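Results of the structural survey
Here are the chains, one letter per residue:
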Amino acid sequence: VRTLPTPRQGDLFICLFQVVHAHKPHFMALHCQEFGGKNYEASMSHVDKFVKELLSSDAMKDYNRARVYLDENYKSQEHFTALGSFYFLHESLKNIYQFDFKAKKYKKVTGKEIYSDTLESTPMLEKEKFPQDYFPECKWSRKGFIRTRWCITDCAFDLVNIHLFHDASNLIAWETSPSVYSGIRHKALGYVLDRIIDQRFEKVSYFVFGDFNFRLDAKAVVETLCAKATMQTIRAADTNEVVKLIFRESDNDRKVMLQLEKKLFDYFNQDVFRDNNGTALLEFDRELSVFKDRLYELDISFPPSYPYSEDSSQGKQYMNTRCPAWCDRILMSHSAKELILKSENDEKIVIYDHIGPNVCMGDHKPVFLSFRIAAGAGKPIANVHKCCVVQ
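Model, not experiment: these values are computed from the prediction. Residue numbers run consecutively from 1 along every chain, following the written order of its sequence. Owing to the predicted nature of the model, reporting of local features is limited to residues with pLDDT of at least 70; listing and counting of side-chain atom pairs is limited to 80 or more, with chain, interface and lining totals taken over all residues. For side-chain calculations, the full set of non-hydrogen atoms in the structure is used, while hydrogens and water are omitted.

1. Side note on the overall build of the protein
Helical segments are the DSSP runs of H or I of at least four residues, strand segments are the runs of E of at least two, and each set is numbered from the N terminus. Along its length, the protein carries 8 helices and 18 strands. Two things to know: the radius of gyration comes from C-alpha atoms, and the globule rule equals 2.2 Å times the number of residues to the power 0.38. Taken over the C-alpha trace, the protein has a radius of gyration of 22 Å; the compact-globule value for 391 residues is 21 Å, and the two agree within 12%. Accessible area is worked out with a 1.4 Å probe on protein chains only. A residue is then buried under 20% of its type maximum, exposed over 50%, and partly exposed in between. Residues classed as buried in the protein amount to 56% of the 391 residues present. Pairs of residues are marked as contacts when any of their non-hydrogen atoms sit within 4.5 Å. Contacts spanning at least 24 positions in sequence make up 67% of the contacts within the protein whose residues lie at least 6 apart. Each accessible area is a Shrake-Rupley estimate made with a 1.4 Å probe; only the visible protein chains count as cover when residues are assessed. Roughly 17400 Å² of accessible area belongs to the protein as shown, and the carbon and sulfur atoms make up 49% of that amount.

This is the structure we're talking about:
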């Protein structure tokens, strides 16, 4: 979830509460990126209101315990990630524990607590910002991750809120396959996974969800979408640098199919990204394949989650800034896959979908994963509790 300007926070709440009402989760995790928005210096003051409204809302009245972790300290260039992690526990759940990474032991969760500003001193989580040399193009990147660990009905797992690096230029992303940016994301995600399973703590199942900024293989997509087009290259007069590519149909009056600039991806027919949830383009979603031995994802059956128009009247429209892609994902370890897919009874239902398909909620559509998990993590005699992980 991206935090939004105040007028659209109401739409976000409505859509989120609809999911809560439909699935009635007993444990809910909400991971936010870019908390405070792009202009966080001016907008961070709205965050407290957002949190208070969420915690006090009628839809959340049955969640009598909560933990909120907000990285609001934007003046700390060394540590600021703009991540926000919310965890809600239904009153029916008993004996829920959260891991203290400093004391290396679990502590029972009671009441509602909010942590903000300096999360570095909070022992109930691990937080890191990626080193500056991971993405030198950006003077002040906010990319990083927050990790928490939970034990529910004797089942222990990590929840990792992650935000990986974006594509700085469509032109550079188009040059190579895979792109240089996918390589940077690969390095950062590998670093996070190594931290999760290192020797400091016991290994448990884990879920990693947030904005991975995964993009389609730009070169392959353009070559497919413009297979019968001719390309015109436009260069800057002073530097001879390529500043624009124009792809025109060979016939049909040389109709422009695609215009590509650093921050422009203007394709003439957006329906290809929406029809059948964009399934035809999933073959170009290749970044996760590098991690197939370490990460699992349920089949995607929703359209690309980015970049949606920020015009409140255009909830289904994509912006022409980037090639639409499935940036927002919920991934898991293979042991977590077994945890949620192992058949304990006929009631086990797993749903992986997006939120608010027709509602403008900013440039990203949130995605969610809903599943049931057996008490005792698969022990022979198990009472089933509903769990829902929502990003």
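Continuing now.
2. Digging into the side chain of Glu34
Here Glu34 lies in the loop between strand E1 (27-32) and helix H2 (40-43). Counted as a polar contact is a pair of N or O atoms within 3.5 Å, where, for protein atoms, one must be capable of donating a hydrogen and the other of accepting one, and residues adjacent in sequence contribute only when both atoms are in side chains. Reaching out from Glu34, the side chain makes a polar contact with the side chain of Arg142 at a distance of 3.0 Å.

3. Regarding helix H3 (residues 47-56)
Of the residues making up H3, those classed as buried are Val47, Phe50, Val51, Leu54 and Leu55. Viewed end-on, H3 has its buried residues packed into an arc of 120°, placing them on one side of the element. For H3, the exposed residues set more than 90 degrees away from the buried face come down to Lys52 and Ser56. This arc is built from the directions going out from the helix axis to the C-beta atoms.

4. Digging into the sheet that holds strand E11 (residues 229-235)
Strand order in this open sheet of 4 strands is E11-E12-E13-E14, and the pairing throughout is antiparallel. The open sheet has two free edges, formed respectively by E11 and strand E14 (264-267), since each of these has just one partner strand. The average angle at which neighbouring strand axes cross in this sheet is 15°, direction not considered. Here, strands pair whenever DSSP counts at least two bridges between them. In the sheet, strand E12 (residues 242-249) pairs with strand E13 (residues 256-261) via 4 bridges, with the strands oriented antiparallel. By the bridge assignment for E13, Phe247 is matched with Leu258. To obtain each axis, a line is fitted to C-alpha atoms, and for helices this fit is confined to the stretch in contact; angles are then taken between N-to-C directions over 0 to 180 degrees.

5. Some remarks on helix H5 (residues 180-196)
Taking 1.5 Å of rise per residue, the 17 residues of H5 would be expected to cover 24 Å, and the 25 Å separating its terminal C-alpha atoms lies within 8% of that figure. Regarding H5, the residues found buried are Tyr181, Ser182, Ile184, Arg185, Ala188, Leu189, Gly190, Val192, Leu193 and Ile196. Tucked into the core, H5 has its buried residues touching strand E8 (144-152), strand E9 (155-163), helix H4 (170-175) and strand E10 (205-211). Expected span of a helix: the number of residues minus one, times 1.5 Å.

6. Here we look at the nonpolar core
Side-chain atoms within 4.5 Å link the members of a nonpolar core, which is a set of buried Ala, Val, Leu, Ile, Met, Phe, Trp, Tyr and Cys residues. One finds Phe27, Trp150, Leu159 and Phe207 to be the most contacted residues of the largest nonpolar core, which totals 59 residues. Those residues in contact with Leu159 that sit more than four places away from it in its chain are Phe27, Ala29, His31, Tyr87, Ile146, Arg147, Thr148, Trp150, Phe207 and Phe209. The next biggest cluster of nonpolar side chains, apart from the first, holds 30 residues, and it includes Val20, Tyr40, Leu70 and Ile355.

7. Re the pattern of salt bridges
One side-chain nitrogen of Lys or Arg within 4 Å of one carboxyl oxygen of Asp or Glu is enough to make a salt bridge. One pass over the full model with this rule turns up 21 salt bridges. When the shortest N-O distance is used, the salt bridge between Arg149 and Asp158 registers 2.6 Å. Residue Arg195 pairs with Asp198 through a salt bridge whose shortest N-O separation is 3.8 Å. For Arg195, a relative accessible area of 24% gives the class partly exposed. Several salt bridges converge on common partners, so that one network encompasses Glu126, Glu128, Arg147, Arg149, Asp158, Arg195, Asp198 and Arg200.

8. Quick word on the environment of Leu164
Here Leu164 lies in the loop between E9 and H4. Looking at Leu164, the relative accessible area reads 0%, which means it is buried. Sequence-wise, Leu164 and Ser121 are 43 residues apart; in three dimensions their C-alpha atoms are separated by 23 Å. Leu164 has contacts with Phe130, Lys143, Arg185, Ala188, Leu189, Asp211, Phe212, Asn213 and Phe214, leaving out every residue within four places of it along the chain.

9. A short note on the packing of aromatic side chains
Stacked, edge-to-face and tilted are the three classes for Phe, Tyr and Trp ring pairs, Trp counted by its six-membered ring, which pair at centre distances within 6.5 Å; planes under 30 degrees apart are stacked, over 60 edge-to-face, the rest tilted. Applying the stated criterion to the full structure yields 33 aromatic pairs. Look at Phe207 and Phe371: their rings are 5.6 Å apart centre to centre, the planes differ by 15°, and that puts the pair in the stacked class. Residue Phe207 is found in strand E10, and its partner Phe371 is found in strand E17 (residues 367-374); the two are separated by 164 residues along the sequence. Like Phe207, the residue Phe371 is buried in the burial classification. Among the aromatic residues, those joined into a ring-pair cluster are Phe27, Tyr69, Tyr87, Tyr115, Trp150, Phe157, Phe207 and Phe371. Over a ring means this: the NZ of a Lys or the CZ of an Arg is within 6 Å of the ring centre and within 35 degrees of the ring normal. The ring of Tyr296 has Lys337 lying over it, and the distance from NZ or CZ to the ring centre is 4.6 Å.

10. A short note on the side chain of Ser85
Residue placement: Ser85 occurs in strand E3 (residues 84-90). Its relative accessible area of 0% is what places Ser85 among the buried residues. Separated by 3.1 Å, the side chains of Ser85 and Asn161 make a polar contact. Ignoring anything within four residues of it in the chain, the contact list for Ser85 reads Leu30, His31, Arg67, Val68, Tyr69, Ile146 and Asn161.

11. Notes on unusual backbone geometry
Between Ser177 and the following residue, Pro178, the backbone shows a cis peptide bond with an omega angle of 0°. Counting through the fold element by element, Pro178 comes out in the loop between H4 and H5. Note that the residue after Tyr306, namely Pro307, is joined by a cis bond; omega there is 0°. Turning to its location among the elements, Pro307 is positioned in the loop between helix H7 (271-274) and strand E15 (328-332). Of note, the phi angle at Lys24 is positive, near 45°, even though the residue is not glycine. Mapping Lys24 onto the fold places it in the loop between helix H1 (6-23) and E1. Owing to a relative accessible area of 46%, Lys24 belongs among the partly exposed residues under this scheme.

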